[in-house]
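Here is what each chain is made of, one letter per residue.
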Amino acid sequence: MSGTRSDGELLRAVEADGDRRAFEELYRRYAPWLTARMRGRCADAGIVDDVVQETFLAVWRGSARYREDGDAAGWLWRIASRRLVDALRGAGARGRLRQTLARLRHRDEVSAEDRVLAGVEHGDLAGALVRLSPELRAVLQATVVDGLTTREAAVLLGIPPGTVKTRAMRARRQLREALA
């Protein structure tokens, strides 16, 4: 492994020199991981693939700048999360998401999330979650499902900690109202 460059070295080479080999190595390291994580957030494989490609394009074009004080994976995740929210805001994205989620509910293999949702006795939690805005769902995903602290969720989502708290409070309130 003596020839393996660190993430920071790869990113510096891409940003400073437009080093294609460094970029390709970074892509091989993180694209599969980022795709898997994004598919946990969005069931539409087409949107996920677009988001991953747009994330790496931002790195290649230099529109996203890496600061050496952070983890490369977390930095890529923040870029991808923002792009996913933007994609889900797009025209018709909510309809595509509902259709994809409906198809997933009818597949043979039951996910852990589906088992939890099936165990809810009162109200339609799945429907209430789908009706939340992508921003509120992202905060719930980060804080409840991923188990991140408010500060960690703020870093991941690229928003202030106060915004995370406000969105979490709004999401809980909307879920309570929908399930009442």
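Here the structure is a predicted model, which is why all the values come from computation and not from measurement.

Asker: Tell me about the overall build of the chain, and please be specific about residues and values.
Answerer: Counting its secondary structure elements, the chain contains 10 helices and 0 strands. Counting over 180 residues, the chain shows a buried share of 37%. Long-range contacts, defined as pairs at least 24 residues apart, comprise 60% of the intrachain contacts of the chain with a sequence gap of at least 6. Within the structure as shown, the chain displays about 10800 Å² of accessible surface, and the carbon and sulfur contribution to it stands at 50%.

Asker: Describe the pattern of salt bridges, listing the residues and the values that go with them.
Answerer: Here the structure, examined in full by the defined rule, presents 6 salt bridges. Of the charged contacts, one joins Glu25 and Arg28 as a salt bridge, the two residues approaching to 3.1 Å between their closest N and O atoms. Of this pair, Glu25 and Arg28 are both found in helix 2 (residues 20-41), 3 residues apart, which corresponds to roughly one turn of the helix. With a relative accessible area of 54%, Arg28 lands in the exposed category. Arg39 is paired through a salt bridge with Asp49; the nearest N and O atoms lie 3.2 Å apart.

Asker: Could you give me a rundown of the packing of helix 9 (residues 150-157) against helix 10 (residues 161-179), with the residues and numbers involved?
Answerer: As a packed pair, helix 9 and helix 10 sit with axes 8 Å apart at the nearest point and diverge in direction by 105 degrees. By the angle between their axes, helix 9 is roughly perpendicular relative to helix 10. In this structure, helix 9 contributes Thr150, Ala153 and Ala154 to the contact, and helix 10 contributes Pro161, Val164 and Lys165. Of the residues contributing to the contact of helix 9 with helix 10, the split by class is 4 nonpolar, 1 polar and 1 charged.

What counts and what doesn't
Residues numbered from 1 in each chain as written. Predicted model: local features only at pLDDT ≥ 70, side-chain atom pairs only at ≥ 80, totals over all residues. Heavy atoms only, no water. Helix = DSSP H or I, 4+ residues; strand = E, 2+ residues; numbered from the N terminus. Buried < 20%, exposed > 50% of the residue type's maximum accessible area, 1.4 Å probe, protein only. Contact = heavy atoms within 4.5 Å. Areas by Shrake-Rupley, 256 points an atom, 1.4 Å probe, with all protein chains shown as cover. Salt bridge = Lys/Arg side-chain N within 4 Å of Asp/Glu carboxyl O. Axes fitted to C-alpha atoms, helices over the stretch in contact; angles between N-to-C directions. Parallel < 35°, antiparallel > 145°, perpendicular 65-115°, else oblique. Nonpolar A, V, L, I, M, F, W, Y, C, P; charged D, E, K, R; others polar.

These figures capture arrangement, not role.
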